[in-house]
Amino acid sequence: MACVVEVQGFCNGKNFIPKEMCVLKGKDVHCFHIKCVKNISSVGEKERKMISWAANHYHGMSWDSGNFLIDEATQKVRDLIANEPCIYTKGREKALYLANTFNKKVIDLSLFGCPSIRKKEYKTNCPHHKTFNSHCAVDSAKYLFEFLSNGHFDVDGNFKKA
Ligand SMILES: [Zn+2]
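Okay, so let's go over this structure. Keep in mind that this is a model prediction, so the values were computed, not measured.

**Concerning the packing of helix α2 (residues 70–81) against helix α3 (residues 92–102)**
Helices that pack against each other are described as a pair by the angle of their axes relative to one another and the distance between those axes. Where α2 contacts α3, the axes come no closer than 11 Å and their chain directions differ by 85°. As the angle between them shows, α2 and α3 are arranged roughly perpendicular. Residue-level inspection shows Ile-70, Thr-74, Val-77, Arg-78 and Ile-81 of α2 in contact with α3, the latter providing Tyr-97, Thr-101 and Phe-102. For the contact of α2 with α3, a count of residues per class yields five nonpolar, two polar and one charged.

**Digging into the packing of aromatic side chains**
Inspection of every chain in the model, using the stated rule, returns eight aromatic pairs. Note on Phe-16 and Tyr-97: the rings are 5.4 Å apart at their centroids and 50° apart in plane angle, and the pair reads as tilted. Note that Phe-16 is positioned in strand β2 (residues 16–25) and Tyr-97 in helix α3, a separation of 81 residues in sequence. Residue Phe-16 shares its accessibility class with Tyr-97, and that shared class is buried. Summarising the aromatic geometry, the rings of Phe-32 and Phe-68 are spaced 5.1 Å apart at their centres and angled 85° between planes, so their arrangement reads as edge-to-face. Remark: Phe-68 occurs in the loop between α1 (45–58) and α2 and Phe-32 occurs in strand β3 (residues 28–33); sequence separation between them is 36 residues. Pair check on accessibility: Phe-32 and Phe-68 agree, each one buried. Here the aromatic cluster, defined as three or more aromatic residues joined through ring pairs, consists of Tyr-88, Phe-112, Phe-153 and Phe-159.

The rules we used
Residues numbered from 1 in each chain as written. Predicted model: local features only at pLDDT ≥ 70, side-chain atom pairs only at ≥ 80, totals over all residues. Heavy atoms only, no water. Axes fitted to C-alpha atoms, helices over the stretch in contact; angles between N-to-C directions. Helix = DSSP H or I, 4+ residues; strand = E, 2+ residues; numbered from the N terminus. Parallel < 35°, antiparallel > 145°, perpendicular 65-115°, else oblique. Contact = heavy atoms within 4.5 Å. Nonpolar A, V, L, I, M, F, W, Y, C, P; charged D, E, K, R; others polar. Phe/Tyr/Trp six-rings, centres within 6.5 Å; stacked < 30°, edge-to-face > 60°. Buried < 20%, exposed > 50% of the residue type's maximum accessible area, 1.4 Å probe, protein only.

Here is the structure:
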């Protein structure tokens, strides 16, 4: 069964800082809300603006919210995906982040015509988000899993040509 790993976080064009990481295999869902421990005042002004924009307008998770440290969450995700031949996600920054962090084959579904969640269909029940219409890693993981159930990939993550 395909394993989707979705992440929401902060991206400054160079680094990706995860806030919420979700591992989903069918009905088996694990989600980690990650607390950033670095003092926000030590972050540059431009990056701070981007952080505040994402927290207020995109995923609704503030810098210091969360109940896992990044190392704990990373280890848990590493254990969950240990036996997977590959993992699926969507988006270039996320795919790079996951490949670097977990040293796994990562398939970026944005390269295979996976559509985006339409905002008007979008509402989350996930308790991590403080704003209405927030983007949630669990919801996008479910959405990607549904896309994968169309059977375009074999068990090793190779794309089957139509
Ligand atoms: Zn969420």
